[in-house]
Amino acid sequence: MALGLWSLLKLFLLCKVADSVNFFHHRYDDLVRALYNVQNQCPDITRIYSIGTSVEERQLYVIQFSGNPEIHDLLEPEFKYVGNIHGNELLGRELLIQLAEFLCEEYRNNNERITRLIQTTRIHILPSMNPDGYENAAEQGPDRNGYLPGRSNGHHADLNRNFPDLNAVMYDNEKYGGPNHHLPLPDDWMALIKPETLAIIKWLKNYNFVLSANLHSGAVVANYPYDKIKGGRFFRASYTSTPDDALFKELAKTYSYAHGWMHTGYNCEDFFEEGIANGAIWFSTYKGMQDFNYLYTNCFEITLEISCEKFPREEKLEQEWHGNREALITYIEKVHQGIKGMITDENGNGIANAVISVSGIAHDVTSGEGGDYFRLLLPGTYEVTASAEGYYSKTLSATVGPANATLVHFQLKQQKATIESRILNRNHKKNLEGIMADFTSWRTHENL
């Protein structure tokens, strides 16, 4: 009996260790092992890939969750989390490792909510955008770590001030006219960015992300665009809203109220009402990743400040995980709010790069390669227009509910001029082929 009780006790202690063994500071090799361990535990729903390398040639690994991780399924939205953009802000990195392990474990346990989320969403998790900075910060440790050690990358650059500045372009377009989405990059953009930033920009081009958040430390607040003020002195606090201001507030509050204490507003000797803040009125920055996502892609991104301490001790990690776990899951679920659908021609072929406009909101999105689109919206009724070059535009009314996205499909009719142009081009091609055939026949006759 005593031996049996001891065996049970050892099993209990082993389980307790297993529950807490991952709550430690993951150095780069530890991070890689953790991700591949998750992939080995859940091979059918995960994929690991690298979006590039850091200055010191560390891989920027992403772990992806989906019912079909190898390909994008039409009408399945793409979501991403990015952590550790500032190398000395480690909590985001640790939470995202925990999130990957949690998703795998709960899927294996047949958790209905997590299973549904994974089967209907393509979730991309980049635990560390700045592994070089983290290694520098980790050498200092929690006792000696301050504001600067490890914050920057291997080239001493602040990666959250390293994206092309599209805010200035957008603010001019609002005054003088111009596109309100997918703004072109400046001519010299490649010369101004670091390898990690380039990797993110290429990543954004490869995936049609719908919703995102990047994780920081130093405060406890959900921060939403714009981060850069319009005009005036750079450091002057001034609320600077996007055309989707109401939606961004709702997204920020989704995380704040699902978080253990963010929504109380009083944290880190600061007060943020409901635990949210417009970036420009709190702390204006430029060339940040959050605004870049909104202005360059279809992706809506917010910034999550999740800890007063930049480099919390290992014993605090479990408490932080439990404070953020529900918020991390609830925020992913918001990717399914709004409308989505297919943009097709009269033969049912998907139309890529079609523009989807919502009346009253001066920010458009575009369809993906297969013709599917996603537009986050608050509950309500909207007039939605789809347009594409060479096709007649079409407007439909759409009612959005509080939960799953409303399906709104558009079949666009080809413009007559485009059809005639294609016929002329086809006839022209046939004429050229005929001429070439005659020429080939003549040359053959001459050679004979």
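Residues numbered from 1 in each chain as written. Predicted model: local features only at pLDDT ≥ 70, side-chain atom pairs only at ≥ 80, totals over all residues. Heavy atoms only, no water.

If you look the protein chain up in an unreviewed UniProt entry, it shows as Carboxypeptidase E from Xenopus laevis. Regarding the protein chain, the relevant UniProt record gives this comment under Catalytic activity (unreviewed entry): "Release of C-terminal arginine or lysine residues from polypeptides." The UniProt entry for the protein chain carries the following text under Cofactor (unreviewed entry): "Zn(2+)". (UniProt positions renumbered as here; feature names shortened; annotations may be inferred.)

In this structure the tally under the stated criterion is 21 aromatic pairs. Geometrically, the ring pair formed by Tyr226 and Tyr294 is edge-to-face, given 6.1 Å between the ring centres and 70° between the ring planes. Taken together, the residues Tyr226 in the loop between strand E6 (219-224) and helix H9 (245-258) and Tyr294 in helix H11 (residues 289-296) connect sequence positions 68 residues apart. For the pair Tyr226 and Tyr294, one class covers both residues: buried. Three or more aromatic residues link up through ring pairs in this structure, and these residues are Tyr171, Tyr226, Phe248, Tyr294 and Phe300. One Lys or Arg, Arg58, reaches over the ring of Tyr28 and ends 6.0 Å from the middle of that ring. The side chain of Arg93 reaches across the aromatic face of Tyr134, ending 3.7 Å from its centre. (Phe/Tyr/Trp six-rings, centres within 6.5 Å; stacked < 30°, edge-to-face > 60°. Helix = DSSP H or I, 4+ residues; strand = E, 2+ residues; numbered from the N terminus. Buried < 20%, exposed > 50% of the residue type's maximum accessible area, 1.4 Å probe, protein only. Lys NZ or Arg CZ within 6 Å of the ring centre and 35° of its normal.)

We now examine the sheet that holds strand E12 (residues 355-358). Taking strand neighbours across the sheet as the criterion, the four strands line up as E13-E12-E15-E16 in an open arrangement whose pairing is antiparallel. Taken across any chain shown, the strands that pair with only one partner, and hence form the sheet edges, are strand E13 (361-366) and strand E16 (394-400). For this sheet, the mean angle separating the axes of adjacent strands, direction not counted, is 30°. Here E12 runs beside strand E15 (residues 380-387); their pairing, made up of four bridges, is antiparallel. By the bridge assignment, Val355 is partnered in E15 with Ser387. (Pairing = 2+ DSSP bridges. Axes fitted to C-alpha atoms, helices over the stretch in contact; angles between N-to-C directions.)

Right, let's get into helix H4 (residues 112-120). An α-helical segment advances 3.6 residues per turn. Residues three or four places apart therefore align on the same side. Among all positions of H4, only Ile114, Leu117 and Ile118 are buried. Looking down the long axis of H4, one finds its buried residues gathered within 95° of arc, a one-sided arrangement. Elements that come into contact with the buried residues of H4 comprise strand E2 (59-65), helix H3 (91-108), strand E4 (122-126) and helix H12 (317-333). Backbone nitrogen of Arg113 and a side-chain oxygen of the N-cap are separated by 3.0 Å at the start of H4; the cap is Asn111. (Arc of directions from axis to C-beta. Contact = heavy atoms within 4.5 Å. Polar contact = N/O pair within 3.5 Å; in protein donor to acceptor, adjacent residues only side chain to side chain.)

Locating Leu211 in the fold gives a position in strand E5 (residues 209-216). Between the alpha carbons of Leu211 and Asn298 there is a distance of 8.4 Å; along the sequence they are 87 residues apart.

Attention now goes to the environment of Ala237. Tracing the backbone shows Ala237 in the loop between E6 and H9. As a C-alpha pair, Ala237 and Phe283 span 46 residues in sequence and 7.0 Å in three-dimensional space. In contact with Ala237, not counting residues within four places along its chain, are Ala280 and Ile281.

Annotation from UniProt places "active site" (unreviewed entry) at Glu305. Examined against the element boundaries, Glu305 turns out to sit in strand E10 (residues 300-307). Setting aside residues up to four positions removed in sequence, Glu305 forms contacts with His216, Ser217, Gly218, Ala219, Val220, Val221, Met262 and Trp282.

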